[in-house]
Amino acid sequence: MAGGKIRKEKAKAPSNHYQGGISFHKSKGQHILKNPLLVDSIVQKAGIKSTDVILEIGPGTGNLTKKLLEAGKEVIAVELDSRMVLELQRRFQGTPYSNRLKVIQGDVLKTELPRFDICVANIPYQISSPLTFKLLFHPTSFRCAVIMYQREFAMRLVAQPGDNLYCRLSVNTQLYARVSHLLKVGKNNFRPPPKVDSSVVRIEPRKPQPQVNKKEWDGFLRVCFIRKNKTLGSIFRQKSVLLMLEKNFKTLQAVLASLNGSTREAAGMDLGDQSMGMEDDDNEMDDDDDGDVEMDEGQGGEFKEKVMNVLKEGGFEEKRSSKLSQQEFLYLLSLFNKAGIHFS
């Protein structure tokens, strides 16, 4: 414009959302490890043997894949993004590694995973919980999984009774596996950098697996962690909890009666349509949330008294889920089941 000043545009800095001409999408959880020393450390801490078949989830452009191929016998990489699949194939084509790399394109949560010895993965954080339990319930045994998680999720996995982050996820995971924190990873080790720091966690499935009814166990923990800092006596006096348990109790009694004195194996039947739902604990309520109501002393009748007697028998009425150990949860569940009270 005449008489006006021409505004000189600043040169745009080159985007760090690219590698090899491929753009990364934060919305899809694509954060590629760019620090070679960190990649080396993860591989070293995984304890890979030269005979291992390694499952890698979300290999991206192959920075970690290359080190895994150097350490193990074979790498099976599961990748959703077709662009990344092509980049992996291009990167290793014509190299000594090409016949030891198998790439599966697809959603890992919907993919039937093959047999493997060890899993090493930098995963999209939005699939952290369902993927963890998919691995733990994998039909063939594996030695361990070394996985990069969002830091808060990782600390929930390893949290112990009394820790601020101790939750249903902690108890569920630690029932099926030994979990340990390996590395804290700053956000600047990724391209593009995520908004939060990360952590590498080692998960070793317990052998043998615990003999528990998975739906019953998860249903029980869901009740206990409705408000983890309230006493169990307060939680089990809630109207909705008592109504759910009484419905299950009456259903079980009807089943047993119809079997006309059959063995009590029927107690292990799934009596409801509650899904196992091993997802993260976002549904735990704040302790000052008064969304539910306790039954008054005169309400609930015999069944409420039955539930309270179980808590008193084990000395749990004044205890809180945030402080209970895994063995205490297992013991309390056994007391409820012994009294004919079930959670699924």
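Since this is a predicted model, take the numbers as computed values, not measurements. Within each chain, residue numbers correspond to sequence positions counted from 1 in written order. Per-residue local features of the predicted model are confined to residues with pLDDT of at least 70, and side-chain atom pairs are confined, for both listing and counting, to 80 or more; whole-chain, interface and lining totals are unaffected and use all residues. To get the side-chain values, all heavy atoms of the structure are used, and hydrogens and water are removed first.

What is the right way to look at the overall build of the chain in this model?
For the chain, the count of helices and strands is 11 helices and 11 strands. Within the chain, the proportion of its 344 residues that are buried is 48%. By sequence separation, contacts in the chain at least 24 residues apart represent 71% of the contacts at least 6 residues apart. Here the open area of atoms and residues is found with the Shrake-Rupley method and a 1.4 Å probe, where only the protein chains shown may cover a residue. In the structure as shown, the chain presents an accessible area of about 17,800 Å², 49% of it carried by carbon and sulfur atoms. Helix and strand labels come from DSSP, where a helix needs a run of H or I of at least four residues and a strand needs a run of E of at least two; each type is numbered from the N terminus. Classification of residues uses two cut-offs on accessible area relative to the type maximum, computed with a 1.4 Å probe and protein chains only: under 20% is buried, over 50% is exposed, and between them is partly exposed. Should any heavy atoms of two residues lie within 4.5 Å, those residues are counted as being in contact.

I tried to follow the side chain of Arg237 on my own but got confused; where do I start?
Position of Arg237 relative to the elements: it lies in the loop between α8 (232-235) and α9 (239-258). For Arg237, a relative accessible area of 17% puts it in the buried group. Think of a polar contact as two N or O atoms within 3.5 Å of one another; within protein, one of them needs to be a possible hydrogen donor and the other a possible acceptor, and neighboring residues in sequence only count if both atoms come from side chains. Within the local environment of Arg237, its side chain forms a polar contact with the backbone oxygen of Gly233, the two atoms lying 3.1 Å apart.

Please clarify how the UniProt feature "binding site: S-adenosyl-L-methionine" (unreviewed entry) in the chain should be interpreted in this entry.
Residues annotated by UniProt as "binding site: S-adenosyl-L-methionine" (unreviewed entry) correspond here to His31, Leu33, Gly58, Glu79, Asp107 and Asn122. Restricting the annotated residues just mentioned to those that line the largest cavity leaves Leu33, Gly58 and Asn122. Checked against the element boundaries, Leu33 lands in strand β3 (residues 32-33). On the secondary structure map, Asp107 appears in the loop between β6 (101-105) and β7 (118-122). UniProt positions are given in the numbering used here, feature names are shortened, and annotations may be inferred rather than shown by experiment. Lining residues are defined by having an atom within 4 Å of a point belonging to a cavity or pocket. Those points lie on a 1 Å grid over the protein atoms alone, cavities being sets where a 1.4 Å probe fits but cannot get out and pockets being open sets with protein on both sides within 12 Å along at least five of seven lines.

It is not clear to me how the packing of aromatic side chains should be interpreted in this structure. Could you clarify?
Here a ring pair, both rings aromatic, is described through the centre-centre distance and the interplanar angle of the planes. Pairing of aromatic rings covers Phe, Tyr and the six-membered ring of Trp, with a centre-to-centre limit of 6.5 Å; geometry is then stacked below 30 degrees between planes, edge-to-face above 60, and tilted otherwise. Applying the stated criterion to the full structure yields 16 aromatic pairs. For the ring pair Phe316 and Tyr331, a centre distance of 6.1 Å and an interplane angle of 50 degrees mean the geometry is tilted. With a gap of 15 residues between them, Phe316 in the loop between α10 (301-314) and α11 (326-338) and Tyr331 in helix α11 connect regions that are remote in the sequence. Judged by its relative accessible area of 2%, Phe316 falls in the buried class.

Which parts of the structure should I look at to understand the environment of Lys187?
Inspection of the secondary structure puts Lys187 in the loop between β9 (177-185) and β10 (190-191). Taking relative accessible area as the criterion, Lys187 reaches 31% and is therefore assigned partly exposed. Linking Lys187 and Leu33, residues 154 residues apart in sequence, is a C-alpha distance of 9.8 Å. Residue contacts for Lys187: discarding those within four places in its chain leaves Pro193, Pro194, Lys195, Val196 and Asp197. Of the polar contacts made by the side chain of Lys187, one reaches the backbone oxygen of Lys195; its length is 3.2 Å.

Please clarify how unusual backbone geometry should be interpreted in this entry.
Peptide bonds are mostly trans, and most non-glycine residues show a negative phi. The amide bond that connects Lys207 to the next residue, Pro208, takes the cis arrangement and shows omega of 0 degrees. Here Pro208 shows up in the loop between β11 (198-205) and α7 (214-224).

In this structure, what is going on with the pairing of β7? I would like to understand it.
The side chains of a regular strand alternate between both faces of the sheet. Where burial is concerned, most of β7 is hidden: 5 out of the 5 residues are buried. Here β7 shows two buried faces, one formed by Ile118, Val120 and Asn122 and the other by Cys119 and Ala121. Any two strands between which DSSP finds at least two bridges are classified as paired. Sheet analysis places β7 next to strand β8 (residues 144-150), joined by 5 bridges and oriented parallel. Residue pairing for β8: Ile118 is matched across the bridge by Cys144. A right-handed crossover is one whose linking path, passing over the helix from the first strand to the second, runs clockwise when the strands point away from the viewer. Assessed by its sense of winding, the connection that carries the chain from β7 through helix α4 (residues 128-136) to β8 is right-handed.

Looking at this structure, I do not really get the packing of α9 against α10. What am I missing?
The relative placement of two packed helices is expressed as an angle between their axes plus a distance between the axes. Closest axis-to-axis distance for the α9/α10 pair is 10 Å, and the angle between their directions is 100 degrees. Looking at the two axes, α9 sits roughly perpendicular to α10. Of the residues in α10, those in contact with Leu242, Leu245, Glu246 and Phe249 of α9 are Phe303, Lys304, Lys306 and Val307. A class-by-class count of the residues in the contact of α9 with α10 yields 5 nonpolar, no polar and 3 charged. To get an axis, fit a line to the C-alpha atoms, keeping to the stretch in contact for a helix; angles then go from 0 to 180 degrees between the N-to-C directions. In what follows, roughly perpendicular refers to angles from 65 to 115 degrees, roughly parallel to angles under 35, roughly antiparallel to angles over 145, and oblique to any angle outside these ranges. Residues were grouped as follows: Ala, Val, Leu, Ile, Met, Phe, Trp, Tyr, Cys and Pro as nonpolar; Asp, Glu, Lys and Arg as charged; and all remaining residues, including Gly, as polar.

Explanation requested: empty space enclosed by the protein in the structure shown.
To locate leftover empty space, one rolls a probe as large as a water molecule over the atoms. Grid points are joined across faces, edges and corners, and a volume is the space filled by probe spheres set on the points. Within the structure shown, the criterion is met by 1 cavity of 30 Å³ or more. When its volume is computed, the largest cavity comes out at roughly 80 Å³. In this structure, the largest cavity is lined by Ile32, Leu33, Glu56, Gly58, Pro59, Gly60, Asn63, Leu64 and Asn122. For the lining of the largest cavity, the elements supplying multiple residues, two or more each, are β3 and α2 (63-71). Residues of the lining of the largest cavity, tallied by class, amount to 4 nonpolar, 4 polar and 1 charged.

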